[in-house]
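# Structure at a glance
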Amino acid sequence: MDSFAASIETFEHQWMRAWIQRDRKAMKALASRDFIFLLGGKRAAILDRPSWLDAVDRFRCESYRLGEVYVRRHGATAVFACQMTIEAKFGRRDWSGEVWVTDLWQRSRVRRKWKLVERVVSRPDTDEDAPADIRELQLWR
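Below you will find a few notes about this structure.

Definitions and cut-offs
Residues numbered from 1 in each chain as written. Predicted model: local features only at pLDDT ≥ 70, side-chain atom pairs only at ≥ 80, totals over all residues. Heavy atoms only, no water. 1 Å grid on protein atoms, 1.4 Å probe; cavity = no way out; pocket = protein on both sides within 12 Å on 5 of 7 lines; lining within 4 Å. Points joined across faces, edges and corners; volume = space filled by probe spheres on them. Helix = DSSP H or I, 4+ residues; strand = E, 2+ residues; numbered from the N terminus. Nonpolar A, V, L, I, M, F, W, Y, C, P; charged D, E, K, R; others polar. Core = buried A, V, L, I, M, F, W, Y, C linked by side-chain atoms within 4.5 Å. Buried < 20%, exposed > 50% of the residue type's maximum accessible area, 1.4 Å probe, protein only. Contact = heavy atoms within 4.5 Å. Phe/Tyr/Trp six-rings, centres within 6.5 Å; stacked < 30°, edge-to-face > 60°.

## Topic: the layout of surface pockets
Taken as a whole, the largest pocket encloses approximately 440 Å³ of empty space. Together, 17 residues line the largest pocket, and S32, R33, S108, K113 and K115 are the ones closest to its centre. For the lining of the largest pocket, the secondary structure elements donating two or more residues are helix 2 (24-30), strand 1 (31-40), strand 6 (97-107) and strand 7 (114-122). Looking at the lining of the largest pocket, the element that brings in the most residues is strand 1, giving four residues. Classifying every residue of the lining of the largest pocket gives five nonpolar, three polar and nine charged.

## Some details on the nonpolar core
Of all hydrophobic cores here, the largest spans 39 residues; its most connected members are W15, F37, W52, F59, W95 and W105. Not counting residues up to four positions away in its chain, the partners in contact with W52 are W15, W19, M27, F35, F37, L47 and F59.

## Comments concerning the packing of aromatic side chains
Evaluated as defined, the whole model comprises 11 aromatic pairs. Note on F59 and F90: the rings are 5.7 Å apart at their centroids and 65° apart in plane angle, and the pair reads as edge-to-face. Here the residue F59 occupies a position in strand 3 (residues 59-74), and F90 occupies one in strand 4 (residues 77-90), the gap between them amounting to 31 residues. Each member of the pair F59 and F90 is classed as buried.

## Details of empty space enclosed by the protein
For the structure shown, the criterion picks out one cavity of 30 Å³ or more. Each pocket or cavity is described by its volume, and for the largest cavity that value is around 50 Å³. Lining the largest cavity are W19, F37, F59, M84, I86, W95, V99, V101, R119 and V121. Listed by contribution, the elements that provide at least two residues to the lining of the largest cavity are strand 4, strand 6 and strand 7. When the residues that make up the lining of the largest cavity are grouped by side-chain class, the tally is nine nonpolar, no polar and one charged.

Written out as structure tokens, the structure is:
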């Protein structure tokens, strides 16, 4: 793995550890102002940055393991993708299992720091309740 890919993977681990620790400050520092979380599935659902930061107490990650990592740089943008095994809960419901994660990182113009712009999580199962659960977390409703 080259040093750029290793840097992006380090940011991913920082993001996931912040989620596990429910560290909103760390997550806010890593996420761009226009961050979007998108749950891909039969019916997609999204959360904006304020909704995501508010949701970390109800949508909890306990542990994770990255699979094979793919990183590709496009100038000031980087794509990170991997299969991930997570132990997570949404309220009382177990949300653990295999997911496919695709993240878009962008280097800011002013401070030149990498920020997470978009996270797309696709679950291979057909949990039809998941999009409605994500929509419940939307603050703009």
